[in-house]
Amino acid sequence: MMMMMMMMMMMDVEKEVQERCLTCHAASRSGIPPCLGLAHEVAASSGATKKGILNFNTNNRPLSDEEKEKERERACELLTLSQDICNARSHAACLDKHVERQTEKAKDYCCMLSRVLEREEDDLLTCQFKWRTYITATNGSLDLTIKDVAQELRVALANYAQCVRLNALQEIDDSRSEEDLAVVCKSVVGELRVAAGALEAAGNVETPKAKAYGIPSEACPSMARSMAKVCLGEAQLVTAHRASLMKLSRPTVSSLYFGAAQFYEEATKEIKGNIGEFNEVSEHQMKYLAFCSWLTTARAIAQMGTHCREQDQVGEAIATMEASRRFLLKCRPLAEDDSAWMEVFQRECERIIGSLSKLRKENEIVFFQTEAKAPVQYPEAKQVVSPLPLEL
């Protein structure tokens, strides 16, 4: 009976983890596609084990009563510290329906690990940390164990960044109208910048040099940097969407979308340029980066097509919107295996292909302009967001 209850609890946790991977139902309004393959959670059966911390006498010489007392005090101190780590990690590992609460717990755990690393005796503390990662696995999820506190801090920071990111996306999801979305855009961008800062901090934690064999890829500096670029790309997308809501010029909005696409391209290059660090690279993650890059580029080009139409340059508008359509169609193979991705793709198709059809019909009836052989010149990419430094 107890075994059945534990299995049911594990199934519920796994279901909630998968649901978090599918966060962001308001993708068509905010400009952020569904983020499959980028979520990672602490495994439900997490904890730390203590071993070998009672034997500090490495010289094998007789100890005085005073020395024995000091050794016992140090042993008790480390045992207490290990228990505190277990407790903090248990709170960080507990899936909370309120993302804000889980974010606070995840940050508290990062603070504790940071303090542990500042201790001179941290190398005497032997722990094992179990994680469930969706990035290291080629497909699905994978449970891995870390035995180094510094590497644990890296992955804990990545988990904290993920909680902050989910909280930002939840704000978008809770927006009931374009007016609501316009209000939350600024705070969402701020949270995504905080997440990027946490990931950059994770990449800067000094750890033993090791490939991602047997440890989560999040413990590798290049993966942390790549994920930071993803958060910045999403912040840039929200910025571009807000600029559009504020009726800024089409070329300006276009340059912001191009800047977002550039962030995703930089994230891809970070992984491909450091492929030797990883035992496996998630297929979902690489698909996500390509999907976001092409989709965002299509939106950037479409903005210039609309700009041409507003200037009555219909021939150039048609050629430009056609270029947008071609970029968008690159997303189809990536979206075919997942209904959430396909929904975003189809909505973009309706918008861009619908605009292209309307342009051609207007040209046939009203303007009679020759369709240009090439799209108009695109504006340079503008990247206006940057990571916010982490404060632990």
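The structure displayed is predicted, hence computed values, not measured ones.

J.: Whenever I open this one, the overall build of the protein chain confuses me. Can you help?
T.: For the protein chain, the count of helices and strands is 12 helices and 3 strands. Evaluated residue by residue, the protein chain yields a buried proportion of 49% over its 392 residues. Pairs at least 24 apart in sequence give 78% of the contacts found in the protein chain among residues at least 6 apart. Carbon and sulfur atoms provide 52% of the accessible area of the protein chain, an area that totals close to 19100 Å².

J.: Which parts of the structure should I look at to understand the nonpolar core?
T.: For soluble globular proteins, nonpolar side chains are generally found buried alongside one another. Core analysis: the biggest nonpolar cluster contains 97 residues, and Tyr109 and Phe291 have the highest contact counts within it. Among the elements that take part in this core, helix H5 (residues 149-174) stands out by supplying 14 residues, more than any other. Apart from residues lying up to four places away in sequence, Tyr109 is in contact with Ile85, Ala88, Arg89, Ala92, Phe129, Glu152 and Ala156.

J.: Sorry, what's going on with the pattern of salt bridges here?
T.: Opposite charge on two side chains permits pairing when their charged atoms draw close. Applying the stated criterion across every chain, the model contains 14 salt bridges. Among the ionic pairs, Glu234 bridges to Arg165, the shortest N-O distance being 2.7 Å. Of the two residues, Glu234 sits in helix H7 (residues 221-245) while Arg165 sits in helix H5, which places them 69 residues apart along the sequence. Side by side, Glu234 and Arg165 carry an identical accessibility label, which is buried. Through salt bridges that share partners, Glu322, Arg325, Arg326, Arg360 and Glu371 make up one connected network.

J.: Would you explain the packing of helix H9 (residues 283-310) against helix H12 (residues 339-367) in this entry?
T.: To characterise two packed helices, one gives the angle between the axes of the helices and the distance between these axes. Remark: H9 packs on H12, axes separated minimally by 12 Å, with the N-to-C direction vectors making an angle of 20°. Taken together, the axes of H9 and H12 are roughly parallel relative to one another. Considering how the two elements wind past one another, H9 and H12 form a crossing that is left-handed. Where H9 approaches H12, its residues His284, Lys287, Tyr288, Phe291, Leu295, Ala298, Arg299, Ala302 and Arg309 are matched on the opposing element by Trp341, Val344, Glu348, Arg351, Ile352, Leu359, Glu362 and Phe367.

J.: Would you take a moment to explain helix H4 (residues 99-117) for this structure?
T.: One turn of the α-helix equals 3.6 residues, which is why residues spaced by three or four share an orientation. Under the 1.5 Å per step criterion, the end-to-end length of H4 is 27 Å for 19 residues, consistent within 8% with the ideal 27 Å. Within H4, burial applies to Val99, Gln102, Thr103, Ala106, Tyr109, Cys110, Cys111, Met112, Leu113 and Val116.

J.: When you look at unusual backbone geometry in this model, what are you seeing that I'm missing?
T.: The bulk of non-glycine residues show a negative phi, and the bulk of peptide bonds are trans. Of note, the phi angle at Lys247 is positive, near 65°, even though the residue is not glycine. Topologically, Lys247 is positioned in the loop between H7 and helix H8 (250-272). Looking at Lys247, the relative accessible area reads 73%, which means it is exposed. Phi angles above zero are rare outside glycine, and Asp312 is one such case at about 60°. As for its placement among the helices and strands, Asp312 is situated in the loop between H9 and helix H10 (314-329).

J.: Would you mind showing me how to read the environment of Ser90 here?
T.: Along the chain, the position of Ser90 falls in helix H3 (residues 65-93). Ser90 sits in the partly exposed class, given a relative accessible area of 38%. A sequence separation of 15 residues divides Ser90 from Lys105, and the C-alpha atoms of the two residues are 9.4 Å apart.

J.: What is the right way to look at the packing of H7 against H8 in this model?
T.: One way to put it is that H7 packs onto H8 with a least axis distance of 8 Å and a crossing angle of 170°. Between H7 and H8, the crossing angle belongs to the class labelled roughly antiparallel. Grouping the constituent residues of the contact of H7 with H8 by class yields 14 nonpolar, 8 polar and 5 charged.

J.: How should I be thinking about the side chain of Glu152 in this particular structure?
T.: Relative to the helices and strands, Glu152 resides in helix H5. According to the relative accessible area criterion, Glu152 is buried, its value standing at 0%. Residues in contact with Glu152, not counting those within four places in the same chain, are Arg89, Tyr109, Leu113, Phe129, Trp131 and Ile146.

J.: How should the packing of aromatic side chains be read in this particular structure?
T.: The geometry of two aromatic rings is summed up by the distance between their centres and the angle between their planes. Counted under the stated rule, the structure contains 4 aromatic pairs. On the numbers, 6.2 Å between centres and 80° between planes, the contact of Tyr264 with Tyr288 is edge-to-face. In this pair, Tyr264 is assigned in helix H8 and Tyr288 in helix H9, connecting sequence segments 24 residues apart. The class for Tyr264 is buried, based on a relative accessible area of 0%. Overall, the relative accessible area of 0% leaves Tyr288 in the buried class. What links up through ring pairs into an aromatic cluster is the set Tyr264, Tyr288, Phe291 and Trp341. One cation-aromatic arrangement involves Lys330 over Phe327; the distance from NZ or CZ to the ring centre is 4.6 Å.

Definitions and limits used
Residues numbered from 1 in each chain as written. Predicted model: local features only at pLDDT ≥ 70, side-chain atom pairs only at ≥ 80, totals over all residues. Heavy atoms only, no water. Helix = DSSP H or I, 4+ residues; strand = E, 2+ residues; numbered from the N terminus. Buried < 20%, exposed > 50% of the residue type's maximum accessible area, 1.4 Å probe, protein only. Contact = heavy atoms within 4.5 Å. Areas by Shrake-Rupley, 256 points an atom, 1.4 Å probe, with all protein chains shown as cover. Core = buried A, V, L, I, M, F, W, Y, C linked by side-chain atoms within 4.5 Å. Salt bridge = Lys/Arg side-chain N within 4 Å of Asp/Glu carboxyl O. Axes fitted to C-alpha atoms, helices over the stretch in contact; angles between N-to-C directions. Parallel < 35°, antiparallel > 145°, perpendicular 65-115°, else oblique. Left-handed = near helix turned anticlockwise from the far one by under 90°. Expected span 1.5 Å × (residues − 1). Nonpolar A, V, L, I, M, F, W, Y, C, P; charged D, E, K, R; others polar. Phe/Tyr/Trp six-rings, centres within 6.5 Å; stacked < 30°, edge-to-face > 60°. Lys NZ or Arg CZ within 6 Å of the ring centre and 35° of its normal.

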